[in-house]
Amino acid sequence: MAGSKFAYVRNFELPDPLLPGTFMVLRIDGHAFHRLSSEHDFVKPNDERALQLMDHAARDVMNEFKDIVLAFGESDEYSFLFRRSTALYNRREAKILSTITSLFTSSYVFNWARYLPDTPLKYCPSFDGRIVLYPSAQVVRDYFSWRQADTHINNLYNTVFWALVLKGGQNTTEAHATLRGTVSATKHEILFSRFGINYNELPSRFRKGSVLVRAEIQEDGEEEGTNAKAPDTSTPQTSISETAAAAMEGAKRKKQKARVRTTVELLHCDIIGDEFWNARPSLLAD
């Protein structure tokens, strides 16, 4: 329609560039996943199959968009951190948000049967998304600390809640009443004294969430000719210049830079403390 009399309607489209020089975090949340988990009989309090499916969808997003350096997932949400200097889609908010949210959703649906083969998908799951800009590396760290702390708080509550319901004979109303106003230590005590569950021994995936991080792997460059026979300098057929040239070529091959490729690693580790970030300074570099 370029050049037609109707092209003026494009003047109503507003530009939506995201502020440059800031860290971009895109968070995806499942829409009405309480219903989804109930309709599809997810295991309570945690269905590892469903969590693995979320990890798969997030990995597909990171494999497609190389400017995403870190992702953190819990329950039905995933947060993606872009490198600070990203110019993806000229930092157009609607383009980035719609593309990544739709890719995550399509991957979730596409791979459903791989992780839940005995549970036919009854209807289409959906996710919403938002982008938030953060001004500094410390604020980014605080954001991911907030999400991991939320993981622990929610998982501890849900673990005790479902133990009371599934093993303690309480209904959901009674279980909520039992836990109302309790602190973390009390929840730990209920789990251990009544159900023999040591919360700290539960899988770290449930307690700490999933961390997907882009890591660099160095591969040694192949040194061609390393098996070739060196020139015999003791014979008159080999000149000094030929020997020097061969030596220079050998040195050049040895200095070949190692090839670097990136891979996406899945971890279930602490990201609140310094150790994780100190080991990966590139995550928050410009």
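What you see is a predicted model, and the numbers here were worked out from it, not measured in a lab.

K.L.:
Go over the sheet that holds strand S1 (residues 23-30), please, and point to the residues and values.
P.N.:
Strands sit in the order S4-S1-S3-S2-S5-S6 across an open sheet of six strands; the sheet is antiparallel. Each edge of the open sheet carries a strand with a single partner, namely strand S4 (127-134) and strand S6 (259-267). For this sheet, the mean angle separating the axes of adjacent strands, direction not counted, is 20 degrees. The sheet contact formed by strand S5 (residues 210-219) and S6 spans nine bridges and is antiparallel. Residue pairing in the sheet places Arg-214 in a bridge with Val-264 of S6. The sheet contacts of helix H2 (residues 48-64) involve strand S2 (68-74), strand S3 (77-82), S4, S5 and S6, and relative to S5 the element is tilted by about 45 degrees. The strands touched by helix H3 (residues 93-110) are S1, S2, S3 and S4; relative to S4, the strand with the most contacts, the crossing angle is about 140 degrees.

K.L.:
Provide a residue-level description of the nonpolar core, including the pertinent values.
P.N.:
Counting residues in each nonpolar core, the largest one holds 33 residues, and the members touching the most others are Leu-26, Phe-80, Ile-96, Ile-100, Phe-104 and Tyr-108. The element contributing the most residues to this core is H2, with seven residues. Dropping the residues within four chain positions of it, Ile-100 is found in contact with Leu-26, Ile-28, Val-61, Phe-65, Ile-68 and Phe-82. Ranked by size, the runner-up nonpolar core spans 17 residues in total, among them Leu-81, Val-211, Leu-283 and Leu-284.

Calculation notes
Residues numbered from 1 in each chain as written. Predicted model: local features only at pLDDT ≥ 70, side-chain atom pairs only at ≥ 80, totals over all residues. Heavy atoms only, no water. Pairing = 2+ DSSP bridges. Helix = DSSP H or I, 4+ residues; strand = E, 2+ residues; numbered from the N terminus. Axes fitted to C-alpha atoms, helices over the stretch in contact; angles between N-to-C directions. Contact = heavy atoms within 4.5 Å. Core = buried A, V, L, I, M, F, W, Y, C linked by side-chain atoms within 4.5 Å. Buried < 20%, exposed > 50% of the residue type's maximum accessible area, 1.4 Å probe, protein only.

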